[in-house]
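Descriptive structure summary
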Amino acid sequence: MRILCIIDCLGSGGAQRQMTYLACGLKQRGHDVELFLTHPGADHFRPEIEAAGIPIHGIHRRGHKGFSVKVLLAVRQLLRTGFDGIVSFQLSANGYAAIARMLTPSFRGRVVCGERNSARHVHSSWFKQSMSWCVGRIADALVANSHSHGDSLTHMRG
């Protein structure tokens, strides 16, 4: 199975650690895994990814924060090369995965998004709440970080 993993960077955070372990584990089990970074730069886990022989893709965006059409187009271009599935962690990566799926009719694979924190809280911005709702509707599966978070995701998906 050919799987595209999407995350912000390879910094020293928990989501990045989980993605590194997941990508390396999938590779060890014989899957063809590639990694896409939406904000390349922090490279704490890069040595582990490279040692596993996992290709790393990404778009360097000098001084750019927030949503990027260039990143979306790069993800879409990768999907056109024949992936069977996408695994993404964090809201921005989940958003790119969901939108790229919608814009790539040739992609017939599954999309699994890891929801670590809920952007559906009243204190989240309108954009984050909207993106979270969109991801929840487009993804084939959402993976929660806790039972209570899973319950809130289940209610949201209705």
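See the structure shown above.
This write-up is about the structure you can find in this document. (Residues numbered from 1 in each chain as written. Predicted model: local features only at pLDDT ≥ 70, side-chain atom pairs only at ≥ 80, totals over all residues. Heavy atoms only, no water.)

Here we come to the packing of aromatic side chains. Across all of its chains, the model carries one aromatic pair by this definition. Residues Phe-67 and Tyr-96 carry aromatic rings whose centres are separated by 5.3 Å and whose planes lie at 15 degrees to one another, so their mutual orientation is stacked. Placement of Phe-67 in the loop between β3 (56-58) and α3 (69-79) and of Tyr-96 in helix α4 (residues 91-103) is noted, with a sequence separation of 29 residues between them. The lysine or arginine in question, Arg-2, covers the ring of Phe-83, its NZ or CZ lying 3.8 Å from the ring centre. (Phe/Tyr/Trp six-rings, centres within 6.5 Å; stacked < 30°, edge-to-face > 60°. Helix = DSSP H or I, 4+ residues; strand = E, 2+ residues; numbered from the N terminus. Lys NZ or Arg CZ within 6 Å of the ring centre and 35° of its normal.)

One non-glycine residue, Gln-90, adopts positive backbone phi at about 85 degrees. With respect to the helices and strands, the residue Gln-90 is situated in the loop between β4 (85-89) and α4.

Here Val-111 shows up in strand β5 (residues 110-115). Judged by relative accessible area, which is 0%, Val-111 ranks as buried. Each C-alpha atom, one on Val-111 and one on Asp-140, is 5.3 Å from the other, the two residues being 29 residues apart in sequence. Filtering out sequence-adjacent residues up to four positions away, Val-111 remains in contact with Ile-86, Ala-97, Arg-101, Ala-139, Asp-140 and Ala-141. (Buried < 20%, exposed > 50% of the residue type's maximum accessible area, 1.4 Å probe, protein only. Contact = heavy atoms within 4.5 Å.)

Residue placement: Ala-74 occurs in helix α3. Here Ala-74 falls in the buried class, since its relative accessible area comes to 18%. The contacts of Ala-74, once residues within four sequence positions are left out, are Phe-36 and Ile-59.

Quick look at α3 now. Looking only at α3, the buried set comprises Val-71, Leu-72, Ala-74, Val-75, Leu-78 and Leu-79. One face of α3 carries all of its buried residues, which in axial projection span an arc of 160 degrees. Exposed residues pointing more than 90 degrees away from the buried face of α3 are listed as Val-69 and Lys-70. Buried residues in α3 make contact with β1 (2-7), β2 (32-37), β3, β4 and α4. A side-chain oxygen of the first residue of α3 lies 3.2 Å from the backbone nitrogen of Lys-70; this N-cap is Ser-68. (Arc of directions from axis to C-beta. Polar contact = N/O pair within 3.5 Å; in protein donor to acceptor, adjacent residues only side chain to side chain.)

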